[in-house]
Amino acid sequence: MHDIIPDIHGQADKLRQRLSALGYQERSRVWRHPDPDRICVFLGDFIDRGPKNGEVIDIVRRMLDAGTARAIMGNHELNAIHYHTTDPRTGDGVRPRSTKNSHQHQSFLNEFPLGGAGTRDLIAWMKSLPLFLEFDTFRVVHACWDEARISELRAHTPNGILNDDQFIAAADPTTQLFDLVETATKGPEYPLPGGWGFHDKDGTWRDQVRIRWWAQNATSWAEIAASVPDLSDLPTAPPPKDILERSYPQGAKPVFFGHYWLTGDPELQAPNALCLDYSAGKTGPLVSYQMDPAQETLSLQHLSGHENAQPPKQDQKERQ
């Protein structure tokens, strides 16, 4: 049994509440479930936004070390690795330490300053996280499972873990690895037609849009675009055919992901694709999904933590 938990973003109190609600208990400083075969799977983005980055990472690391959890990397871990890696050519970070990037990373920097020993230890740990995991009956990735690109990533790193040289290459937009890693951790992006653009949730102007790669039978930019606060900012003309045809196959294993800061009532993005990020990094709930090996299809009745989550069905014994 796997309890899948998405983007925590420094919200340690929400993480403890979610683990407790799922029946996990802290024993000898490690959160464990009474059922030894039940573990958590974390979808990355442990840091930034919230005030307790160190506490979140401590909980997750102890669970990983004890075998009570698995975890993948999110785009905020990738950004942190690049921010804290100095480019010898410029003396700046591989991810530039600009005002915008520093502001996005500030809650982490408040606890772990640039160059500190504790910071170096956490960055080394982040580098050990894989970009994706595949289990017998399901898959997890932070932002996008693109079958062709995941296959290409496997050619570079079968276990999904990048080495130091690969992390440097993944910061260079001229490399193939940049596209592969960006797609997995941030989602595929396409440029909007000339003159079109929008302000994202942080107020940044963007002329490229993230694609709802799980969408099936979409016909418009509004149906295919992700993370656009006001859909009226998008073109009314249909997007190119190759974008519309890019979707997760209906017959593929169920895939879980986070990243997209959803709001509103829970929903399946596709019969075999589910985003679990409901903006816990800000004011939203930290939700989870209980994946039973016997499940053949996804159901919102296995999701918990959202006030409008569907209650689980009682079995016959409980009804009696």
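First, a word on what this report is: a plain description of the structure on this page. (Residues numbered from 1 in each chain as written. Predicted model: local features only at pLDDT ≥ 70, side-chain atom pairs only at ≥ 80, totals over all residues. Heavy atoms only, no water.)

Some details on the pairing of strand 4 (residues 39-42)
Of the two faces of strand 4, the one lined by I39 and V41 and the one lined by C40 and F42 are each fully buried. In the sheet, strand 1 (residues 2-5) pairs with strand 4 via four bridges, with the strands oriented parallel. Opposite I5, over in strand 4, you have F42 as the bridge partner. One ladder, built from three bridges, connects strand 4 with strand 5 (residues 69-71); its direction is parallel. Bridged to C40 within strand 5 is A69. The parallel pair strand 4 and strand 5, bridged by helix 2 (residues 53-66), forms a crossover whose chirality is right-handed. (Buried < 20%, exposed > 50% of the residue type's maximum accessible area, 1.4 Å probe, protein only. Helix = DSSP H or I, 4+ residues; strand = E, 2+ residues; numbered from the N terminus. Pairing = 2+ DSSP bridges. Right-handed = clockwise from strand over helix to strand, strands pointing away.)

A look at the pattern of salt bridges
For the structure shown, the criterion picks out 19 salt bridges. Between E134 and R154 there is a salt bridge; the shortest N-O distance is 2.5 Å. Separated by 20 residues along the polypeptide, E134 in strand 6 (residues 132-134) and R154 in helix 7 (residues 147-156) bring together distant segments of the chain. We classify E134 as partly exposed; its relative accessible area is 33%. For R154, a relative accessible area of 29% puts it in the partly exposed group. The salt bridge involving R149 is made with D179; its shortest N-O contact spans 2.9 Å. Highlighted residues: R149 in helix 7 and D179 in helix 9 (residues 176-186), separated in sequence by 30 residues. (Salt bridge = Lys/Arg side-chain N within 4 Å of Asp/Glu carboxyl O.)

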